[in-house]
Amino acid sequence: MYKEVHNTKKLISDVLAFLSKTPWEPYYKARLERLADLSEMPCELAIAGKVKAGKSSFLNALLGVDLAVVGTTETTATINYFKYGYPEDSNRPVNVYWNDGRKPEAQTKEFLDSLQGHDKEVLERAEKIDHLEYLLPHPILKNITLIDTPGVGSVEDI
């Protein structure tokens, strides 16, 4: 990946050098500099679609794990990020990012299970969460963060 980032930055630098000799520089310089900065940031890909379209099943199949919960009814009530890394404690495999500004905290599988479904109690619990973050040492996740969403038409607003 380093090579691709380096090549992208070189290309942007070359374009900036060319633009410096043209009247277009004021219009494009800031945008291209921002693009150069973003070239080192990891890509994020949200898996979106209708409720019960198989978004979580697709993510599980892609990663070869069963972390994104699937079921016969709507099950994803939070936005879930899957990133490269290792959880500090394997008994607490997910970091919870709260809406109220609290520091993220690692949670248990039982806590995750309590967020599945769409009844009133689950939605009230999920409403307090900005997103969940799973850390996995999967090679696909070295270059991309996958995001599992509740889905279009979900009872949970995203």
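Above this text sits the structure in question.
To keep things clear, this report deals only with the structure shown in the data block. (Residues numbered from 1 in each chain as written. Predicted model: local features only at pLDDT ≥ 70, side-chain atom pairs only at ≥ 80, totals over all residues. Heavy atoms only, no water.)

On to helix α3 (residues 55-63), then. All of the buried residues along α3 are Lys55, Ser56, Leu59, Asn60 and Leu63. For α3, the arc enclosing every buried residue in end-on projection is 135 degrees, short of the 170-degree limit, so these residues lie on one face. On its buried face, α3 sits against β1 (43-47), β2 (80-84), β5 (129-136) and β6 (144-148). Trailing α3 by a residue or two, glycine 64 shows a phi angle of about 70 degrees, which is positive. (Buried < 20%, exposed > 50% of the residue type's maximum accessible area, 1.4 Å probe, protein only. Helix = DSSP H or I, 4+ residues; strand = E, 2+ residues; numbered from the N terminus. Arc of directions from axis to C-beta. Contact = heavy atoms within 4.5 Å.)

So, on to the packing of aromatic side chains. The way to describe two aromatic rings as a pair is by their centre distance and the angle between their planes. One pass over the structure, following the stated rule, counts 3 aromatic pairs. Measuring from centroid to centroid gives 6.5 Å for tyrosine 84 and tyrosine 86, while their planes differ by 75 degrees, and the two rings are edge-to-face. The class of tyrosine 84 is partly exposed, set by a relative accessible area of 33%. Taking the relative accessible area as the measure of exposure, tyrosine 86 reaches 58% and is therefore exposed. Note on tryptophan 98 and phenylalanine 111: the rings are 6.2 Å apart at their centroids and 70 degrees apart in plane angle, and the pair reads as edge-to-face. Separated by 13 residues along the polypeptide, tryptophan 98 in strand β3 (residues 94-98) and phenylalanine 111 in helix α4 (residues 109-113) bring together distant segments of the chain. With respect to class, tryptophan 98 is no different from phenylalanine 111; both count as buried. It is arginine 102 that lies over the ring of tryptophan 98; its NZ or CZ is 4.0 Å from the centre. (Phe/Tyr/Trp six-rings, centres within 6.5 Å; stacked < 30°, edge-to-face > 60°. Lys NZ or Arg CZ within 6 Å of the ring centre and 35° of its normal.)

The values are spatial; any link to function lies outside them.
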